[in-house]
Protein chains: 2
Amino acid sequence: MSLALLINGRAPADPSLALSAEDRGLHYGDGLFETALIDAGKVRFLQSHLDRLFSGCERLGLPVPERTQLLNEITNVVGEVQVGVLKIVLTRGVGDRGYRPARAAQTTRIVALYPHTKRPPEAVTARWCETRLGRNARLAGMKHLNRLEQVLAQQEWDDPLIGEGLMLDTEGELVCATASNVFIVREAVLATPDLRFCGVEGVMRSQVLRAAAQLGLAVNEEPLWPHDVEMASEVFLTSAVRGIRPIAALDSLRWNASPIASKLSAALQL
Amino acid sequence: MSLALLINGRAPADPSLALSAEDRGLHYGDGLFETALIDAGKVRFLQSHLDRLFSGCERLGLPVPERTQLLNEITNVVGEVQVGVLKIVLTRGVGDRGYRPARAAQTTRIVALYPHTKRPPEAVTARWCETRLGRNARLAGMKHLNRLEQVLAQQEWDDPLIGEGLMLDTEGELVCATASNVFIVREAVLATPDLRFCGVEGVMRSQVLRAAAQLGLAVNEEPLWPHDVEMASEVFLTSAVRGIRPIAALDSLRWNASPIASKLSAALQL
């Protein structure tokens, strides 16, 4: 359960009875979300989260929220909390039956605080997911509310020792993990899937790309395949909430060291 | 707005404040829906709607609702209404943050009645949509809540004279219209896209396939392309709510008669 919640700027009397049964976020997944880490009382990379959210609004034709208002709501919800997770959900609001949005959509804006325990980044045991990601450039990169593929992928395993699952698209290209982006290191070059067909352009992914360039590391966004993971000297996951986590094991593959991941974590003060 | 609404069997005091802000239907589109026509006080093809809903539950790993309970809720919501639309939404219920469903999901069940004016089936002017459908066999056929592609497609036009838009998948195959299935007639053979990669297996589509077989019409579910539409002697749309509607115009194409559509409408008493 969330610790604090505002809907359109107000705290509902009862968060379990807060939303309209006719919200288009529910009926069609017609909206976007952000999940950010609160650390030392600050929302980390807030600017990047808001930039992605606003760019998603433009792509979906959703009214862009008023920045100052949204920032006030975030400040209000975060309060004095030092460590937590901030979630923002934006939907096209209440609508009549039918896919077509009303001309003057009144968006629904949910700002919620969730508990979180910050742990030192630990190496992850990962698996390959059987659930594939459909390709659609029209939706690629956005953190929209159509997330059934990720739900089905996470349903594939319940071994608590497995921390993440890598996902391929329907053509077999590597895209991401269920809730993280993925990077590999090959001959001292950093590479990550280019997400031209699917996947979310993660905020931590962008930070890592920027930090790598500043550190003088060669870095490519390009099509990658399972073979590239198998040949990599290092594989790591990125997420705004979980930071940078090296993969230590993937089926029969093992990686013992993650010098690039460590260098990037240090550069980003994770 | 809906005329009557039950959530988990209860009428909320205020339908605009009825749902949890943490429902997984909202956060991930993690659920299914049905939209059925109420005509002469009866829900038409109710059995087929429930069969599809329950089959979707099995595919998504959602608990299948208790049939008698759901039927009672439908009876309760429909009341004495003669003509209307029944909408059922089923989600994986309230969950914690994260894609992974809780082991014991308590589904959210929404049963709602919407107004509807029954019109004699009129021929439709249609267009080709630019928005494509991503391919993912894992989700194909289900009427799930991930419907952003349909929302974007219906946003493409606002000319009220255009009644529907035909949609291709990312490889250019014909799939459906934004809120209907599509059939073509070619040399007296009826054909409809096979939906192996995407699209919804419409209840009216199934009824038409069954009625066609009973009438002795040759009928195929197969891959179709825009070229097949251009060569067709007849093209029509099917929807549980709108029935069978011939396409009269599509860009520069014109069709003047729809004998097969008329025969099927009569056979199905639409």
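See the structure printed just above.
All residue numbers here refer to positions counted from 1 along the written sequence of the relevant chain. Whichever chain is written first is A, and whichever ligand is written first is 1; the rest continue in order. In keeping with the model being predicted, local features are shown solely for residues with a pLDDT of at least 70 and side-chain atom pairs are shown and tallied solely at 80 or more, while totals for entire chains, interfaces and linings include all residues. Neither water nor hydrogens contribute to the side-chain values; these are computed over all heavy atoms in the structure.

**Quick notes on the overall build of chain A**
Here comes step 1: In DSSP terms, a helix is any run of H or I states spanning at least four residues, a strand is any run of E spanning at least two, and both are numbered starting from the N terminus. When you go through chain A residue by residue, the secondary structure sums to seven helices and 14 strands.
Here comes step 2: Overall size of chain A, expressed as C-alpha extent along the three principal axes, is 50 × 40 × 35 Å.
Here comes step 3: Relative to its full complement of 270 residues, chain A shows a buried share of 60%.
Here comes step 4: Residue contacts are counted whenever heavy atoms from the two residues lie within 4.5 Å of one another. Sequence separation of at least 24 residues holds for 72% of the intrachain contacts in chain A that already meet a minimum separation of 6.
Here comes step 5: Here the accessible surface of atoms and residues is derived via Shrake-Rupley with a 1.4 Å probe, and residues count as covered only by protein chains that are part of the display. Split by element, the accessible area of chain A, about 11200 Å² in all, is 50% carbon and sulfur. Type-normalised accessible area, obtained with a 1.4 Å probe on protein chains alone, sets the label of each residue: buried when under 20%, exposed when over 50%, and partly exposed for intermediate values.

**Examining the packing of aromatic side chains**
Here comes step 1: Ring pairs shown here join Phe, Tyr and Trp side chains whose ring centres sit within 6.5 Å, with only the six-membered ring taken for Trp; geometry is labelled stacked below 30 degrees between planes, edge-to-face above 60, and tilted in between. This structure, assessed with the given rule, holds six aromatic pairs over all chains.
Here comes step 2: Site record: aromatic cluster; members linked through ring pairs are Tyr28(A), Tyr99(A) and Phe33(B).
Here comes step 3: Whether a charge sits over a ring comes down to the Lys NZ or Arg CZ being within 6 Å of the ring centre and within 35 degrees of the ring normal. Against the face of Trp157(B) rests Arg100(A), its NZ or CZ located 4.7 Å from the ring centre.

**Here we look at the pairing of strand β11 (residues 219–222) of chain B**
Residue and element names in this part refer to chain B.
Here comes step 1: Of the pairings in the sheet, the one linking strand β10 (residues 189–193) to β11 comprises four bridges and is parallel in character. Bridge pairing in β11 links Ala191 to Asn220.
Here comes step 2: The definition of a right-handed crossover adopted here requires that, viewed with the strands pointing away, the path from the first strand over the helix to the second runs clockwise. Of the crossover connections in this fold, the one passing from β10 over helix α5 (residues 203–214) to the parallel β11 is right-handed. At least two bridges found by DSSP between two strands is the condition for calling them paired.

**Considerations on the interface of chain A and chain B**
Accessible area lost upon the coming together of the parts serves often as the stated size of an interface.
Here comes step 1: Across the contact, 63 residues belong to chain A and 63 residues belong to chain B.
Here comes step 2: Accessible area that two parts lose when put together, evaluated with a 1.4 Å probe and summed over both, is termed the buried area. Summing the contributions of chain A and of chain B, the shared interface buries around 5500 Å²; its carbon and sulfur component is 56%.
Here comes step 3: The term salt bridge refers to a side-chain nitrogen of Lys or Arg lying within 4 Å of a carboxyl oxygen of Asp or Glu. The interface formed by chain A and chain B holds zero salt bridges in total.
Here comes step 4: Counting of polar contacts relies on pairs of N or O atoms within 3.5 Å, with two restrictions inside protein: one atom must be capable of donating a hydrogen and the other of accepting it, and residues adjacent in sequence are counted only when both atoms are side-chain atoms. Viewed at the interface, chain B and chain A are joined by 33 residue pairs in polar contact (both at pLDDT 80 or more).
Here comes step 5: At the level of secondary structure, the elements contributing two or more residues to the side of chain A that touches chain B comprise β1 (4–7), α1 (24–28), β2 (31–39), α2 (46–60), β4 (84–91), β5 (108–114) and α4 (148–154) of chain A.
Here comes step 6: Asp, Glu, Lys and Arg are counted as charged, while Ala, Val, Leu, Ile, Met, Phe, Trp, Tyr, Cys and Pro are counted as nonpolar; the rest, among them Gly, fall into the polar class. Among the residues making up the side of chain A that touches chain B, the classes are represented as 27 nonpolar, 19 polar and 17 charged.

**What to know about the relation of the copies chain A and chain B**
Here comes step 1: Superposing the copies works by least squares over the C-alpha atoms of residues that have pLDDT at least 70 in both of them. Aligned on chain B, chain A shows an RMSD of 0.0 Å; the corresponding rotation is 180° and the shift along the axis is 0.0 Å. Accordingly, the operation relating the two chain copies is best matched by a two-fold axis. Minimal C-alpha separation from the rotation axis in chain A is found for Leu26(A), amounting to 2.0 Å.
Here comes step 2: An overlap of 100% is found between the interface residues of chain A and their copies at the interface of chain B, pointing to a shared contact surface.

**Comments concerning the sheet that holds strand β3 (residues 42–43) of chain A**
Residues and elements named next belong to chain A.
Here comes step 1: The antiparallel open sheet is built from five strands, whose spatial order is β1-β5-β4-β2-β3. Two strands lie at the open edges of the sheet, namely β1 and β3, each paired on one side alone.
Here comes step 2: Sheet topology note: the β1/β5 ladder contains four bridges and is antiparallel. Bridging from a neighbouring strand, Ile7 pairs with Ile110 of β5.

**What about the side chain of His49(A)?**
Here comes step 1: In this fold, His49(A) is placed in helix α2.
Here comes step 2: In this structure, His49(A) is in contact with Glu34(A), Thr35(A), Ala36(A), Arg44(A), Val203(A) and Ala240(A), ignoring residues within four places of it in sequence.

**Brief notes about helix α3 (residues 67–78) of chain A**
All names here are of chain A.
Here comes step 1: With 12 residues, α3 extends 16 Å from end C-alpha to end C-alpha; this agrees with the ideal 16 Å at 1.5 Å per step.
Here comes step 2: What α3 keeps buried is the set Leu70, Glu73, Ile74, Val77 and Val78. The buried residues of α3 occupy one face: seen down the axis, they fall within an arc of 125°. Set apart from the buried face of α3 by more than 90 degrees, the exposed residues are Thr75 and Asn76.
Here comes step 3: Looking at the packing, one finds that the buried side of α3 touches β1, β2, β3, α2, β4 and β5.
Here comes step 4: Two residues or fewer past α3, Gly79 is found with a positive phi of approximately 55°. Multiplying 1.5 Å by the helix residue count minus one yields the expected span of that helix. Directions are taken from the helix axis to each C-beta atom, and the arc is the one they span.

**Observations concerning the nonpolar core**
Here comes step 1: Here, nonpolar core means buried Ala, Val, Leu, Ile, Met, Phe, Trp, Tyr and Cys residues that are tied together by side-chain atoms lying within 4.5 Å of each other. Among the nonpolar cores identified, the biggest contains 34 residues, and Ile7(A), Ile110(A), Ile7(B) and Ile110(B) are the most heavily contacted of them.
Here comes step 2: Taken together, the elements giving at least two residues each to this core come down to β1, α1, β4 and β5 of chain A together with β1 (4–7), α1 (24–28), β4 (84–91) and β5 (108–114) of chain B.

**What to know about the sheet that holds β4(B)**
All names here are of chain B.
Here comes step 1: If you walk across this open sheet you meet the five strands as β1-β5-β4-β2-β3, and the pairing is antiparallel. Where the open sheet ends on each side, the last strands, each with one partner, are β1 and β3 (42–43).
Here comes step 2: Of the strand pairs in this sheet, strand β2 (residues 31–39) and β3 are connected by two bridges, and their pairing is antiparallel. Bridge pairing in β3 links Ile38 to Val43.
Here comes step 3: The strands touched by helix α3 (residues 67–78) within the sheet are β1, β2, β3, β4 and β5, with β5 carrying the most contacts at an inclination of about 30°. Angles shown run from 0 to 180 degrees and are taken between the N-to-C directions of axes, each axis being a line fitted to C-alpha atoms and, for helices, limited to the stretch in contact.

**Some details on empty space enclosed by the protein**
Here comes step 1: Every definition here rests on a 1 Å grid over the protein atoms only: cavities are sets of points where a 1.4 Å probe fits but cannot get out, pockets are open sets enclosed by protein on both sides within 12 Å along at least five of seven lines, and lining residues have some atom within 4 Å of a point. Grid points are joined across faces, edges and corners, and a volume is the space filled by probe spheres set on the points. Scanning the model with the defined rule gives five cavities of 30 Å³ or more in all.
Here comes step 2: Quantified by volume, the largest cavity comes out at close to 440 Å³.
Here comes step 3: Listed by contribution, the elements that provide at least two residues to the lining of the largest cavity are α4 of chain A together with α4 (148–154) of chain B.
Here comes step 4: Considering every element that reaches the lining of the largest cavity, the biggest residue donor is α4(A), with three residues.
Here comes step 5: When its residues are assigned to classes, the lining of the largest cavity shows 14 nonpolar, 12 polar and five charged.

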